[in-house]
Amino acid sequence: MRIGIPHCGHGYLIAEALVQKLGNGKSELIIPPPTSHRTLDLGVKYSPVEACLPFKLTLGNLIEACELGADTLIHARGTGVCRLGYYVKGQEQIIRDLGYDAHFLTLDVSQHRFRSIMRLMKDLTNGAPPPQIISALYFAMGKLFALDKMEQVVHKVRAVELEKGMANQVYREAVKAIGQAKTVREVKNATREYNKKLDQVPKDPAADPVKVSIVGEVFVVLDPFANMDIEMELGKLGVEVERTMSLSRWVKYRLFLNYLGVNEWKEVHKAAMPYLKRNVGGDGWESVGEKVVHAREGYDGVVHLAPFTCMPEIVAQNIMPSTKEDIPVLTVLYDEQMARLGMITKLEAFVDLLKFRRKRKRSGNLSWR
Amino acid sequence: MFKVGIPRALSYYQYLPAWKAFFGALGAETVVSPPTNKAIFTAGNSRAVAETCLPVKLFFGHVLSLANKCDYMFIPAMRSLGKKAYYCSKFIGLPDMTRALVPECPPILDPEIDLNKGRRALYRAIYDLGCHFSSDKSRIKKATEQAEKVHSAYRKEMSAREITPIQAFGERHRGEDKLYLEPDISPSLSVAVIGHQYVIYDDYINHRLISRLQAMGGRVFTPEMAEQEALDIAMMKLGGAPHWSFEADIVGAGEYYLEAELDGIISVAVFGCGPDSMMIDMVRRRAREFRTPFLHLSLDEHTSEGGLVTRLEAFLDMVKRRKRVCV
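Residues numbered from 1 in each chain as written. Chains lettered and ligands numbered in written order. Predicted model: local features only at pLDDT ≥ 70, side-chain atom pairs only at ≥ 80, totals over all residues. Heavy atoms only, no water.

Comments concerning the nonpolar core
Part 1 of the reasoning: In this structure, Leu73 of chain A together with Phe23, Tyr257 and Ile266 of chain B are the most contacted members of the largest nonpolar core, which totals 147 residues.
Part 2 of the reasoning: One finds Ile5, Leu198, Ile214 and Phe219 of chain A within the second-largest nonpolar core, a separate group that totals 72 residues. (Core = buried A, V, L, I, M, F, W, Y, C linked by side-chain atoms within 4.5 Å. Buried < 20%, exposed > 50% of the residue type's maximum accessible area, 1.4 Å probe, protein only.)

Observations concerning the interface of chain B and chain A
Part 1 of the reasoning: Every contact between the two is made by 39 residues of chain B and, on the other side, 35 residues of chain A.
Part 2 of the reasoning: Buried area between chain B and chain A, both sides added, is near 3,100 Å², and the carbon and sulfur share of it is 59%.
Part 3 of the reasoning: The residue Arg278 of chain A makes a salt bridge to Glu112 of chain B at a minimum N-O spacing of 2.7 Å.
Part 4 of the reasoning: The tally of links from chain B across to chain A stands at 12 residue pairs in polar contact (both at pLDDT 80 or more).
Part 5 of the reasoning: Elements that contribute at least two residues to the side of chain B that touches chain A include exactly β4 (77–80), α4 (89–92), α5 (94–101) and α13 (274–290) of chain B.
Part 6 of the reasoning: Among the residues forming the side of chain B that touches chain A, the class breakdown is 20 nonpolar, nine polar and 10 charged. (Contact = heavy atoms within 4.5 Å. Buried area = accessible area lost by both parts, 1.4 Å probe. Salt bridge = Lys/Arg side-chain N within 4 Å of Asp/Glu carboxyl O. Polar contact = N/O pair within 3.5 Å; in protein donor to acceptor, adjacent residues only side chain to side chain. Helix = DSSP H or I, 4+ residues; strand = E, 2+ residues; numbered from the N terminus. Nonpolar A, V, L, I, M, F, W, Y, C, P; charged D, E, K, R; others polar.)

Comments concerning the packing of aromatic side chains
Part 1 of the reasoning: All told, the structure shown has 24 aromatic pairs over all chains when counted by the stated rule.
Part 2 of the reasoning: Their ring planes at 75° and their centres at 5.5 Å tell us that Phe22 of chain B and Phe23 of chain B sit as a pair that is edge-to-face. This pair shows no difference in class: Phe22 of chain B is buried, exactly as Phe23 of chain B is.
Part 3 of the reasoning: Connected via pairs of aromatic rings, a cluster forms that spans Phe2, Tyr15, Trp19, Phe22, Phe23, Tyr72, Phe74 and Phe133 of chain B.
Part 4 of the reasoning: Here Lys211 of chain A stacks its cationic end above the ring of Tyr299 of chain A, 4.8 Å away from the centre of that ring. (Phe/Tyr/Trp six-rings, centres within 6.5 Å; stacked < 30°, edge-to-face > 60°. Lys NZ or Arg CZ within 6 Å of the ring centre and 35° of its normal.)

Considerations on helix α6 (residues 119–130) of chain B
All names here are of chain B.
Part 1 of the reasoning: Taking 1.5 Å of rise per residue, the 12 residues of α6 would be expected to cover 16 Å, and the 16 Å separating its terminal C-alpha atoms lies within 8% of that figure.
Part 2 of the reasoning: Where α6 is concerned, the buried positions are Leu122, Ala125, Ile126, Leu129 and Gly130. With its buried residues spanning 140° around the axis, α6 presents them on a single face. Opposite the packed face of α6, turned more than 90 degrees from it, sit the exposed residues Arg120 and Arg124.
Part 3 of the reasoning: In this structure, the buried side of α6 is in contact with α1 (12–25), β3 (72–74), β5 (108–109), β6 (112–114) and α7 (137–161). (Expected span 1.5 Å × (residues − 1). Arc of directions from axis to C-beta.)

Description of the sheet that holds strand β1 (residues 3–6) of chain B
All names here are of chain B.
Part 1 of the reasoning: Across the sheet, four strands lie side by side as β2-β1-β3-β5; this open sheet has parallel pairing. Both outer strands of the open sheet, β2 (29–32) and β5, are each paired with one neighbouring strand and no more.
Part 2 of the reasoning: Bridge count between β3 and β5: two bridges; the pairing is parallel. Within β5, the position partnered with Met73 by the bridge is Ile108. (Pairing = 2+ DSSP bridges.)

Written out as structure tokens, the structure is:
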């Protein structure tokens, strides 16, 4: 069995770690090359024209995995109202039409999540004992948590570093080192080492960066190729980025803690209630709620990311400007036509607006209009 | 007497008779917004963000045109009308979007229709809705039953007489005006028009597609002219259990009319429709297998009448020629 997976941020590290710990020689993991313009071109070429960007990108990944000989493909499936519910059906058909003989294993992300992940594990490991699965999961999750935690620090350092690009370099090395770690101890050591390096990056003590939170559709928020490194670009402009959503958080709650009755979005949903009363699928509800919460927490602005024509996020986009908690929202929509420079210009204008607004607020002139 | 406003958009075409019966039995009057016109179109466009799809933008326009003509606005949040079959997110967020974008809207009645939670939850939502008008439990129950009866009669009437919802309502959209197109008396072609009801029956955004086809000598079939059961069967055959109920009917109709060996299929979608972008592809594939001509029209607020007519003429010419050659 040769297993292919689509990319989403550094999610491939989990799969890699799991296979490394549980591999029994029968199954081999094929990680497609990092998402590139070729991936996008492939995806665009074979997808329905108006499909959303995550569909096209993951399809491109899967085709590239098939080219490398994958015969089993793993993909997420939702049962909500969003298009994710149709991904597997659509992509299976397209890949079969292309002449690849591959079948899909699905990971349910909205219902029966635990059952589906356990079934997936069983399929992949040919019945390894549960304790072994759990220890492998622990190891894989350790990597993910270490990286996500470090990313949060990087977001802060980027905004205030004296020489732009230092934090990025450290982070890139850290991803490599943590990815290559073979044991839990090695992960911990690498994390400590690179955190120290981040501390040592020279920072501007007088810097007072504006604070922006990133919300929106999970795939474009998490995948740096899909969102054109928006966090890095914001960092270059001297903006401190905060993002609640992360892969580790998603896995932790969605796959495990939700079953114990923990709802990580409880506060956010409560905040969204006056404006959006119900779940509209995808991450629309959370986007509205997060805007309200962040406005209360004193952020300077919100950057809202979504794939072009994303249904839940359009609902959120329509509602967000009218909330009583008033902070500027910039919605950035991604599709295959999007140009990086266009995005940067938008961000520059937005950041200027935030700085201006902050100055006015501090000078006591609170009224904005 | 309370006046309940019903915007002439989105689910209006599917459920108007049932809603009318329900509110009527509870002693409320229903007010329907006028057919889409330029004012409604512009108003709707100016309220919503640009990426919103055209029918939803129009919906806000219709709400605006009703804003000071009624005491309540009826905007159900449609989540699901069958096991594991959903509506698009925008239907679920419709009441909240309206609240955000049309602040001058009267109080909104927004029952959540979710059959996934079971019939009990549905009746509960309907009961809560009825409580706005009557405190008499049995009266609400009777109104619900009546609405159900009217709805199934309406659905049956359309398939039995092969008529469109507009004909079933007994009204003409742009009736006796100078734009009226005389249908060909002896149509030589049979064409299926598949698409959302709020697109294929809204003459303003589709530039009178159906009457145009009829005038060009086509006999037009729409999804509503087939029986619901037949559509469900066709859908199951094509793609298994549907994910979206609205689109399941459209794709089911595509398959049904392909099997009925019509001369051509025209699918009409609006730009940016999420479910359609994934589902219409299935019909396109099937049409290729059947070797039936297939035309996909994507409409948006910039669609020009001239361009549309040219495409229709070209398509019908092609269908006609094919038919001559084949026979």
